[in-house]
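Each chain, letter by letter, is given below.
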Amino acid sequence: MGGGIIGFIRSIYQLDTLDTRFTTPSSVPYKLAAEAKNDPHGAQEGGLSKGKKAERSKWSTPEFYLYYLVFLVAIPYMFWVPFEVSRESDPRYPKFQRYLSDGWMLGRKVDVSDIQLRTIRGKIPHIFGLLVVQPLLRRVWKLFKPTRLEPGASETSPRAAEARLEQRISFDAFFGAILLTALHGTSGLKILGLLWLNYQIATRLPRKVVPWATWIFNLYILVTMKVYDGYRFKTFVNLIPFAPDSLLELASWMDSQQGLLNRWHILFNITILRLISFNLDYAWMMDRQGGSPIEKKQLDPASLSERDRVGTPAPKSNYSFRNYFAYAIYAPLYLAGPILTFNDYISQCRYQSASIELSRTVKYGIRCLLVLLAMEFVLHFNYVNAISNARPDWSSYTPAQIALLSFFKLHIIWLKLLVPWRLFRFWALVDGIDPPENMLRCVSDNYSTLSFWRSWHRSFYRWTLRYIYIPLGGSNFRTLVSSAYSIITYLAVFMFVAIWHDVDFQLLVWSWLIVAFFLPEIAAGYLFPRKKWEGRPTAYRMLCCVGAVGNVLMMISANVVGFGGGVDAMKALWEGLFRGLSGISFLTGSCIALFVGIQVMFEIRQSELRKGINLKC
């Protein structure tokens, strides 16, 4: 019984439970990969290689026993320092006490002073309610609108797929319209208008103009919807010369009917990504007219690989406004994602992904609850947001306290994104759609700037790869000219990411810092190629670890600037670290702890390689 419980707990934390995309190559259909898992010969035929590049395990070596001792000291210390300054006995407690609320865990207060975090936490019961209601309504819809097949017809036949597509899309459009009205009230008309304009760009303009017009239109919307506070009706009426008072009153009334989420434009960023996806998928479909790619490749449409689902255009008839509306306002993913491309959405509406299994979905749901519990634990025992909001005298804090408060602030940012992303993805899985997992690793389990970007908001990373990075030509650092162009490509990607988050100079600085921090890592890869160190693997691992420690320090600095308090916060952090012997001692100890932690990160990735999994992050 005990072994069974331990095995079940371990299975909850397997990569396959998180997302089958992590354990199945994108070019291999999941059904084929699942069949090949227990067959070594079949695994090789299916494109699954077992640990070809992996090193021998180091978990039971004397080196790693030493690292375990460091962990036993460092991890409790990292939790204790922020907890100690969050206690009522701390003399600075009265300064930030007003930002705390009544909690439910062990008589502690809870720090929900961050507005975004407080909103997310307050909406979790509503999300769980929708998670139950929407799939139940879909079942009712199926009863009233069943798929009618000819006698003897297979459920995987093209006609059955079209019938399933029609059934799902019709419900998604219907429920999406209700959701839009409930969430945004009269502002739903603005969203509908923007969707219509974007659709006209895709379907009315000449093919060569569509990508340029799509980007210009959507970038304009990204900037102006913030500047004009969501395009208030009264603002437009005021532009009309001699507008009657009755029209102004009507506009004011419409502005007051804003639904449950009155600031619709704050959450519209994620929808803009879907608008761009539809338009570019449509434009690329027009380039590939003349026969079905699935038939040309002789693929099974009911068992496509993820690469084929994303890259294979839907039939032209599927690019209708209704399908586009259903995709853009698909309820489980509407507010926060993860991001699913239009092609993938249509493909999964036709044929449910084989990766959706009841046992995996249940385990994923348990994992969601555990993440929610972890967030509650941190908020009850670490009051970093309240301390920051009270504008403290940072000189009264030791370098260790400043550094670890900043470190945990990044973890709280990670948690407040992880919780809704996981819950919304869980909702989609329950509803029969498998979107990409957004967070592959904990924010602490990253040592590479490039790899961090691949694992943080992963669906957004994949979206930028498909719609910005690859169309711009990718990267090539072999010559001076190609290197300069590659840097421009990286800047274009990350400046878009910054503008997409918010029109804020601080975030632009963050995007420049991220690109600047890419360059040393890329240069190190060329200066110290693995092939030249094949005879000295341990020396190479130590060298990489030293570079990775520098990378982590740079990443912490960049994210403190972008999301943790700005340039001033970063300056205060580094000034504190170099303020006297205590600061330098803490920095030295931190670098040693990071060195040990990164060695463990290396070995985690080697363990994955030994199982035939290469996540490249």
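Conventions we followed
Residues numbered from 1 in each chain as written. Predicted model: local features only at pLDDT ≥ 70, side-chain atom pairs only at ≥ 80, totals over all residues. Heavy atoms only, no water. Helix = DSSP H or I, 4+ residues; strand = E, 2+ residues; numbered from the N terminus. Rg over C-alpha atoms; globule rule 2.2 N^0.38 Å. Buried < 20%, exposed > 50% of the residue type's maximum accessible area, 1.4 Å probe, protein only. Contact = heavy atoms within 4.5 Å. Areas by Shrake-Rupley, 256 points an atom, 1.4 Å probe, with all protein chains shown as cover. Lys, Arg positive; Asp, Glu negative; His and termini not counted. Charge placed at Lys NZ, Arg CZ, Asp CG, Glu CD. pLDDT = per-residue confidence, 0-100. Salt bridge = Lys/Arg side-chain N within 4 Å of Asp/Glu carboxyl O. Domains from an automatic or database assignment. Buried area = accessible area lost by both parts, 1.4 Å probe. Phe/Tyr/Trp six-rings, centres within 6.5 Å; stacked < 30°, edge-to-face > 60°. Lys NZ or Arg CZ within 6 Å of the ring centre and 35° of its normal. Patch = residues over 30% accessible without salt bridge, like charges linked within 9 Å, V, L, I, M, F, W, Y side chains within 5 Å. Expected span 1.5 Å × (residues − 1).

When its secondary structure is counted, the chain shows 28 helices and two strands. Taking 2.2 N^0.38 as the reference for a compact globule, 617 residues should give roughly 25 Å; the C-alpha atoms of the chain span a radius of gyration of 26 Å, in line with that estimate. Counting across all 617 residues of the chain, residues that qualify as buried make up 51%. Looking at the chain alone, contacts between residues at least 24 apart form 75% of all its contacts between residues at least 6 apart. Of the roughly 30,300 Å² of accessible surface on the chain, 64% is carried by carbon and sulfur atoms. Put simply, the chain has 68 plus and 44 minus side-chain charges, and the middle of one group is 3 Å from the middle of the other.

The next point concerns the confidence of the model for the chain. The share of residues in the chain with pLDDT of 70 or more is 92%, and the mean pLDDT across the chain is 87. Between the elements of the chain, mean pLDDT differs from a low of 51, seen in helix 4 (residues 40-45), to a high of 97, seen in helix 16 (residues 321-328).

It is worth spelling out the pattern of salt bridges at this point. In total, this model carries 32 salt bridges according to the counting rule given. When the shortest N-O distance is used, the salt bridge between D287 and R207 registers 2.6 Å. Within this pair, whereas D287 is found in helix 13 (residues 269-287), its partner R207 is found in the loop between helix 9 (187-204) and helix 10 (210-227), the two being separated by 80 residues in sequence. Several salt bridges converge on common partners, so that one network encompasses D19, R21, E306, R422, R425, D434, E437 and R462.

As a further point, take the domain arrangement of the chain. Under the domain assignment used here, the chain contains domain 1 (87-126 + 354-436), domain 2 (157-351) and domain 3 (440-616). Computed over C-alpha atoms only, the centres of domain 1 and domain 3 are separated by 24 Å. Counting residues at the interface gives 17 residues for domain 1 and 20 residues for domain 3. Of the roughly 1,600 Å² buried where domain 1 meets domain 3, counting both sides, 79% is carbon and sulfur surface. Sorting the residues of domain 1 by area buried against domain 3 places P399, L410 and W414 first, and these three jointly supply 35% of that buried surface. Our count for the domain 1 to domain 3 interface comes out at zero salt bridges.

Looking now at the environment of S89. Take S89: it is sitting in the loop between helix 5 (62-85) and helix 6 (93-96). Each C-alpha atom of the pair S89 and F578 lies 28 Å from the other, and the pair is 489 residues apart in sequence.

So, about the side chain of H265. With respect to the element layout, H265 can be found in the loop between helix 12 (245-256) and helix 13. Once residues within four sequence positions are removed from consideration, H265 is found in contact with M225, K226, D229 and G230.

The next subject is the packing of aromatic side chains. What the rule picks out here adds up to 45 aromatic pairs. For the ring pair W215 and W463, a centre distance of 6.0 Å and an interplane angle of 70° mean the geometry is edge-to-face. Placement of the pair is W215 in helix 10 and W463 in helix 23 (residues 458-469), with a sequence separation of 248 residues. For the pair shown, W215 and W463 are each scored as buried. Ring pairs connect the aromatic residues Y199, F278, Y282, Y319, F321, Y324, Y327, Y330, F342 and Y345, which therefore count as one cluster. The side chain of R425 reaches across the aromatic face of Y364, ending 4.9 Å from its centre.

A separate point is a nonpolar patch on the surface. A surface patch of nonpolar side chains, about 690 Å² in accessible area, is lined by I5, F8, I9, Y13, W104, L370 and L373. Among the secondary structure elements, L370 is positioned in helix 19 (residues 358-381).

This part covers helix 9. Across its 18 residues, helix 9 extends 25 Å between first and last C-alpha, which sits within 8% of the 26 Å expected from 1.5 Å per residue. Every buried residue of helix 9 is listed here: S187, G188, K190, I191, L194, L195, N198, Y199, Q200, I201 and A202.

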